[in-house]
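# Survey of secondary and tertiary structure
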Amino acid sequence: SNSSQPSAPPSTMPLERRTNYLAVFFGGVMLGRLVLSPLVDRLGILKSMGVFGSLSAVLYIAGVVGGAAAMPLWAASGFFLSILYPTLVMSIRLFFPHGQVAGAAGTIISVASLFDILFNVGFGRLVDTLGYGVSIYVLPLAMAAFIITFLAFSRGHGKEQQKN
């Protein structure tokens, strides 16, 4: 095949191959939480979020935009993506006083769950309207928005907080 031609969309791949990539993605999520957790303790919360968030964003975006040929990149992104949610929850203690961490965590997780539900409803409607082939590009845009927002937000917090 000519390398200058764009890769076929993943939907053109045999179903078995697509499900294998999905299994690798979620296997990576499980393995990543196990393997990367000790690194979070060593690197600190914010640095870990920056490193693993950036790696997962690059792999995820390249995997989606690259089509079928780039599905291994997308599948590998699950490994680094895995640690973001638990580490993000742990980061709450960096921004709230000791006696308010549990209440803040409950509120933040509840609001995040609501946004997750609303995003999924909106994404589902977008798929119904534009089709999956077009709608899938919302996901790498959301990933890029997350990492850019996180990097901008975390810039204002000193290294003394990152190890706490």
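Look up a bit, the structure's there.
These numbers were taken from a predicted model, which means no experiment stands behind them.

## Observations concerning the nonpolar core
Generally speaking, soluble globular proteins have nonpolar side chains that are buried together. In terms of nonpolar packing, the biggest core is built from 26 residues, with Tyr21, Phe52 and Trp74 touching the most fellow members. A per-element tally of this core places helix 2 (residues 45-65) first, with 8 residues. Residues in contact with tryptophan 74, not counting those within four places in the same chain, are Tyr21, Leu22, Phe25, Leu59, Tyr60, Gly63 and Val64.

## Looking at the environment of leucine 34
Along the chain, leucine 34 turns up in helix 1 (residues 15-43). Taking the C-alpha atoms as reference points, leucine 34 and isoleucine 83, 49 residues apart in sequence, are found 8.8 Å from one another.

## Description of the packing of aromatic side chains
In total, this model carries 8 aromatic pairs according to the counting rule given. With centroids separated by 4.6 Å and ring planes inclined at 10 degrees, the aromatic side chains of phenylalanine 25 and tryptophan 74 adopt a geometry described as stacked. Of the two residues, phenylalanine 25 sits in helix 1 while tryptophan 74 sits in helix 3 (residues 71-81), which places them 49 residues apart along the sequence. Both residues of the pair, phenylalanine 25 and tryptophan 74, count as buried. Where phenylalanine 79 meets phenylalanine 80, the ring centres are 5.1 Å apart and the plane angle is 90 degrees; that geometry is what we call edge-to-face.

## Details of the environment of leucine 22
Mapped onto the elements, leucine 22 comes out in helix 1. For the pair leucine 22 and aspartate 41, spaced 19 residues apart in the sequence, the C-alpha separation amounts to 29 Å.

## Some thoughts on helix 7 (residues 138-154)
The first and last C-alpha atoms of helix 7 sit 24 Å apart over 17 residues, in line with the 24 Å expected at 1.5 Å per residue. Within the span of helix 7, buried status applies to Pro140, Met143, Ile147, Phe150 and Ser154. What you see down the axis of helix 7 is that its buried residues fit within an arc of 95 degrees, all on one side. Exposed positions of helix 7 whose direction lies more than 90 degrees from the buried face are Leu141, Ile148, Thr149, Ala152 and Phe153. In this structure, the buried residues of helix 7 make contact with helix 2, helix 3 and helix 4 (84-91).

Scoring rules and cut-offs
- Residues numbered from 1 in each chain as written.
- Predicted model: local features only at pLDDT ≥ 70, side-chain atom pairs only at ≥ 80, totals over all residues.
- Heavy atoms only, no water.
- Core = buried A, V, L, I, M, F, W, Y, C linked by side-chain atoms within 4.5 Å.
- Buried < 20%, exposed > 50% of the residue type's maximum accessible area, 1.4 Å probe, protein only.
- Helix = DSSP H or I, 4+ residues; strand = E, 2+ residues; numbered from the N terminus.
- Contact = heavy atoms within 4.5 Å.
- Phe/Tyr/Trp six-rings, centres within 6.5 Å; stacked < 30°, edge-to-face > 60°.
- Expected span 1.5 Å × (residues − 1).
- Arc of directions from axis to C-beta.

Remember, this is a structural readout, not a statement about activity or role.
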